[in-house]
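Below, each chain spelled out in residue letters.
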Number of protein chains: 2
Amino acid sequence: MAQTVDLLITHASQLLTMEDDLGLIEDGALAIQNGKVVETGSSADLEKRYTGQETIDATGKTITPGLIDCHTHLLFAGSREDEFLSRLKGADYLSILQQGGGILNTVEQLRQATPDDLIQHGLKWLNEFLAHGVTCVEIKSGYGLDYANEKKMLEAISALSGYTDQHLVSTFLGAHAFPKEMKEQPEKQMDELVNHMLPAFRHLAEHCDLFLEKNAFSLDQAEVILERAQSFGYGLKMHTNQLSQLGGIALAKKYQLLSVDHLDTISEQEIETLAETDVVAVLLPGASFFLKESAWAPARQLIDKQIPVALATDFNPGSSPCPNLHFIMNLAVHQLGMLPHEVWQAVTITAAKALGKEDIAGSLATGKRADFVLWSMPNHLYPFYHFGKNFVEKVWINGRFAHRH
Amino acid sequence: MAQTVDLLITHASQLLTMEDDLGLIEDGALAIQNGKVVETGSSADLEKRYTGQETIDATGKTITPGLIDCHTHLLFAGSREDEFLSRLKGADYLSILQQGGGILNTVEQLRQATPDDLIQHGLKWLNEFLAHGVTCVEIKSGYGLDYANEKKMLEAISALSGYTDQHLVSTFLGAHAFPKEMKEQPEKQMDELVNHMLPAFRHLAEHCDLFLEKNAFSLDQAEVILERAQSFGYGLKMHTNQLSQLGGIALAKKYQLLSVDHLDTISEQEIETLAETDVVAVLLPGASFFLKESAWAPARQLIDKQIPVALATDFNPGSSPCPNLHFIMNLAVHQLGMLPHEVWQAVTITAAKALGKEDIAGSLATGKRADFVLWSMPNHLYPFYHFGKNFVEKVWINGRFAHRH
């Protein structure tokens, strides 16, 4: 007697469950009930055992888990294309800062934005992410930099969850930069961060991130922040080794971070250290592509050492204004030398791990959230082969239909 | 007394006419009548002098000429993603050829395809081009390689014109490779090309192209083909300096080609030679990106010598399966070092010149075809800044509405 489920999809040319590498099933089928995955397997098998209240024939098409973008600064205000043009014409970072450019420009505009501005902005871009099959998006604060404006950002992220079907993961990044008014009083800003914001924002943010870099936060400051954030129960993440080697990897090991992000300048010795941990390496090649002067992260060496590698857009108005995770996936194959199956892992199960969500998302294992994408392509190589075409046809989140191309 | 026109578009945040560099008009307006551009100018001015039967308010948006893709092999059959994967895993070109891969694989499949197969295939991809604002597409033959199959391809291109609003430009590329059956009889294939195909296909193809390269056509063979093609009145184009320097640039000068395409390995001396001509340099960075081993064309040196530079997708199943001209435009900015205004020229007026169409297309000059794109972006920097997002909102061809996002 066949079991009735809400949705039964059959005859996918390729179904990637992402259990055990790709978990590739040809002529694959997927049974969904109550927003969760019931089972995946061959169409022949599942057709015998399940009856769908709704059924979909996916002949000639590919199904994957919903993509996860595990590192974005999606909630910004304003636009910095003029600064981008100056840079293309040869202006250096310092002269751009002197012209009022850089992150503090975005901070200025963010502080003037209303909560409603932020929500409108956020929805517009989240919809663009959805059109590319992204069902879970991490969003960082970090353009407010004072108590009121960081709170405004985190509350806007929280409010956004009510407007989109996408799963949003909120990360507090108060330690993104020192705001103008605190430039000469770094101790005061540190006190604000660890004694006021961190304890107050725990209900608004799941994770805490920081930017370890020259002209941002030092190794000592990073350690203070991580220790305090850990004590409040935040998941820990860190931007490190984008431009400089300041000791971030050893610190990541000590505090067992969820992820270290960027890694364009990670040394061989640091790769050895990272390989001794369970920390995810989140690579952000969009920034390398956009900034040009930045190195490309050594993806192959990381993978060869069995370090889990995730990929993300790093979507932000200054260094990676790319809202298209497929473009990033292509940079990973065509510039970082990652293989297609490694890239699929990097934007599904490993991205989930970078967010501490690998038990509920990132693969189509039984019991996980039924977040998945139907792609109008016969196999999983197509997005890298016909690069530049968006093959996403339909998207489901929690078993519910969320987007049609 | 205001003149009535079919369509009056006003208040474009930026209107790029592409006359004289960008021909940028802020708060710009565009008057269209009988499928042609009547006038462009400021909204204040045109609103006084024209009344539109239809009017569109383009506040906050950008208008440009329709994009022109001046180098594609869009009409192929089959798919070569397996070969792509082998290459990613380290296989070299020779071993791929030995496994039955490479261009002769596509030739095999093309010869088996029916005319209807080709038309269906072509329409699918032309529609993808249209969604990216491409209103004029050059399409080459070159996967048939014998009389019957080259004719089949050229007739399919001709038939496609009846199914799409896009302007198609047909190029005979019989000299793309030597087919398997002629490998040992190159003289016989040359005889077929210049004495049978070239004279017979003149009514089906506007231009004649050839592939000057080791393992393809030699300099001597190229000259024979160009001389004959010129005698029949074809416009002349040549793939040259993709992998090797075989003397193509001097030949291009001698025969006053419309364009030389690829140029990844052009020498400084050849750049000097090219600068003495009116030949357009068509750069194809999609192939450099996809093949990796290939060099990037020296775009800056070409531009610095005032050589007209166009960009194209080179869309084909082996070396550039990218159907997205915006992706190519981004490679040009972010990898070739071209500036945004140079890229806009390269995909509009200079691309028109590479097709011999600069008198009727490529800019919004009075009397030219009213092929244009409305972009949901406030300025022309956005496609390079928010790279990976398709800002095309609507497309008009010959003054008629052809696509809505």
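All values reported here derive from a predicted model rather than from experimental measurement.

**Student:** Please clarify how the overall build of chain A should be interpreted in this entry.
**Tutor:** Of the regular secondary structure elements, chain A holds 16 helices and 16 strands. A globule of 405 residues ought to have a C-alpha radius of gyration of about 22 Å, and chain A, at 21 Å, matches this closely. In terms of overall dimensions, chain A has a C-alpha envelope of 70 × 45 × 45 Å along the principal axes. In chain A, once contacts between residues fewer than 6 apart in sequence are set aside, the share between residues at least 24 apart is 70%. Positive and negative side-chain charges in chain A, numbering 32 and 51 respectively, have mean positions lying 2 Å apart.

**Student:** Would you mind showing me how to read the domain arrangement of chain A here?
**Tutor:** A common way to report how large an interface is uses the accessible area buried once the components associate. Residue and element names in this part refer to chain A. According to the domain assignment, chain A consists of domain 1 (3-65 + 363-401) and domain 2 (67-354). The distance between the C-alpha centroids of domain 1 and domain 2 comes to 31 Å. Opposite the 25 residues of domain 1 that make contact, domain 2 presents 22 residues. Interface area, domain 1 with domain 2, both sides summed: about 1900 Å², of which 68% is carbon and sulfur. Per-residue buried area on domain 1 facing domain 2 is highest for M18, F384 and I397; these three make up 33% of the total on that side. Taken together, the connections running from domain 1 to domain 2 amount to ten residue pairs in polar contact (both at pLDDT 80 or more). Contributing elements (two or more residues each) for the side of domain 1 that touches domain 2: β5 (62-65), β14 (372-375), α16 (382-385) and β15 (392-397).

**Student:** Looking at this structure, how should I read the side chain of H176 of chain A?
**Tutor:** Along the chain, H176 of chain A turns up in the loop between β8 (167-175) and α7 (186-200). Contact partners of H176 of chain A, with chain neighbours within four places excluded, come to H73, I103, G142, Y143, L145, F211, A216 and F217 of chain A.

**Student:** Please explain the interface of chain B and chain A as it appears in this structure.
**Tutor:** Counting residues at the interface gives 40 residues for chain B and 40 residues for chain A. Each partner contributes to the roughly 3600 Å² buried at the junction of chain B and chain A, and carbon and sulfur atoms together form 71% of this total. For K389 of chain B, the salt bridge identified is with E128 of chain A, shortest N-O distance 2.9 Å. For the pair chain B and chain A, the interface holds 16 residue pairs in polar contact (both at pLDDT 80 or more). Of all the elements in the fold, those that place two or more residues in the side of chain B that touches chain A are α2 (81-88), α5 (115-131), α11 (285-291), α13 (325-334) and α16 (382-385) of chain B.

**Student:** So what exactly am I meant to see when it comes to the sheet that holds strand β8 (residues 167-175) of chain B here?
**Tutor:** For sheets, the rule is that strands pair by backbone hydrogen bonds, running either parallel or antiparallel. All names here are of chain B. Taken in spatial order, the eight strands make up an open sheet running β6-β7-β8-β9-β10-β11-β12-β13, and their pairing is parallel. The open sheet terminates on both sides in strands that have one partner only, identified here as β6 (67-69) and β13 (309-311). Going across the sheet, the axis of each strand differs from the next one's by a mean of 25°, ignoring polarity. As paired elements, strand β12 (residues 280-283) and β13 share three bridges and run parallel to each other. Residue pairing across strands places A281 opposite V309, the latter belonging to β13. Here helix α6 (residues 147-160) sits on the sheet and contacts β7 (134-140) and β8; the angle it forms with β8, its principal contact strand, is near 175°.

**Student:** Please clarify how the sheet that holds strand β12 (residues 280-283) of chain A should be interpreted in this entry.
**Tutor:** Residue and element names in this part refer to chain A. Pairing in this open sheet of eight strands is parallel, and the strands run β6-β7-β8-β9-β10-β11-β12-β13 from one edge to the other. This sheet does not close on itself; its edge strands, each paired only once, are β6 (67-69) and β13 (309-311). Each adjacent strand pair in this sheet contributes to an overall mean axis angle of 25°, direction not counted. Relative to β8, α7 is tilted by about 155°, and along the sheet it contacts β8 and β9 (207-210). In the packing of helix α13 (residues 325-334) onto the sheet, contacts are made with β6, β7 (134-140) and β13, and the angle to β6 comes to roughly 90°.

**Student:** What is the right way to look at the environment of E268 of chain B in this model?
**Tutor:** Residue and element names in this part refer to chain B. Looking at the secondary structure, you find E268 in helix α10 (residues 268-275). Taking the relative accessible area as the measure of exposure, E268 reaches 67% and is therefore exposed. Separated by 219 residues in the primary sequence, E268 and R49 have C-alpha atoms spaced 51 Å apart.

**Student:** Would you take a moment to explain unusual backbone geometry for this structure?
**Tutor:** In terms of backbone geometry, most residues other than glycine have negative phi values and most peptide bonds are trans. The phi angle at H11 of chain A is positive, at roughly 60°, despite the residue not being glycine. Here H11 of chain A shows up in strand β1 (residues 3-16). At D20 of chain B, a residue that is not glycine, the phi angle is positive and equals roughly 55°. The residue D20 of chain B is located in the loop between β1 (3-16) and β2 (24-33) in this model.

**Student:** I'm lost on the relation of the copies chain B and chain A in this one. Help?
**Tutor:** These two copies of the chain differ by a rotation about an axis and a displacement along the same axis. The transformation that overlays chain B on chain A combines an axial shift of 0.0 Å with a rotation of 180°, and the residual RMSD is 0.0 Å. Those values place the two copies in the arrangement expected of a two-fold rotation axis. Taking C-alpha positions as reference, the residue of chain B nearest the rotation axis is G388 of chain B, located at 4.0 Å.

**Student:** For this particular structure, what's the right way to read the packing of helix α4 (residues 103-112) of chain A against helix α6 (residues 147-160) of chain A?
**Tutor:** The relative placement of two packed helices is expressed as an angle between their axes plus a distance between the axes. All names here are of chain A. Direction vectors running N to C along α4 and α6 enclose 75°, while the axes themselves pass 10 Å from each other. When the interaxial angle is binned, α4 and α6 end up roughly perpendicular. Side by side, α4 and α6 meet where L110, R111 and Q112 of the first sit next to N149, K152 and M153 of the second. Taken together, the residues of the contact of α4 with α6 sort by class into two nonpolar, two polar and two charged.

**Student:** What is the right way to read helix α2 (residues 81-88) of chain A from this model?
**Tutor:** Because an α-helix packs 3.6 residues into every turn, residues spaced three or four apart end up facing the same way. Residues and elements named next belong to chain A. Here α2 has its buried residues at E81, E83, F84, R87 and L88. What you see down the axis of α2 is that its buried residues fit within an arc of 155°, all on one side. Positive phi shows up at G90, right after α2, with a value of about 110°.

Parameters and conventions
- Residues numbered from 1 in each chain as written.
- Chains lettered and ligands numbered in written order.
- Predicted model: local features only at pLDDT ≥ 70, side-chain atom pairs only at ≥ 80, totals over all residues.
- Heavy atoms only, no water.
- Helix = DSSP H or I, 4+ residues; strand = E, 2+ residues; numbered from the N terminus.
- Rg over C-alpha atoms; globule rule 2.2 N^0.38 Å.
- Contact = heavy atoms within 4.5 Å.
- Lys, Arg positive; Asp, Glu negative; His and termini not counted.
- Charge placed at Lys NZ, Arg CZ, Asp CG, Glu CD.
- Domains from an automatic or database assignment.
- Buried area = accessible area lost by both parts, 1.4 Å probe.
- Polar contact = N/O pair within 3.5 Å; in protein donor to acceptor, adjacent residues only side chain to side chain.
- Salt bridge = Lys/Arg side-chain N within 4 Å of Asp/Glu carboxyl O.
- Pairing = 2+ DSSP bridges.
- Axes fitted to C-alpha atoms, helices over the stretch in contact; angles between N-to-C directions.
- Buried < 20%, exposed > 50% of the residue type's maximum accessible area, 1.4 Å probe, protein only.
- Least-squares fit on C-alpha atoms with pLDDT ≥ 70 in both.
- Parallel < 35°, antiparallel > 145°, perpendicular 65-115°, else oblique.
- Nonpolar A, V, L, I, M, F, W, Y, C, P; charged D, E, K, R; others polar.
- Arc of directions from axis to C-beta.

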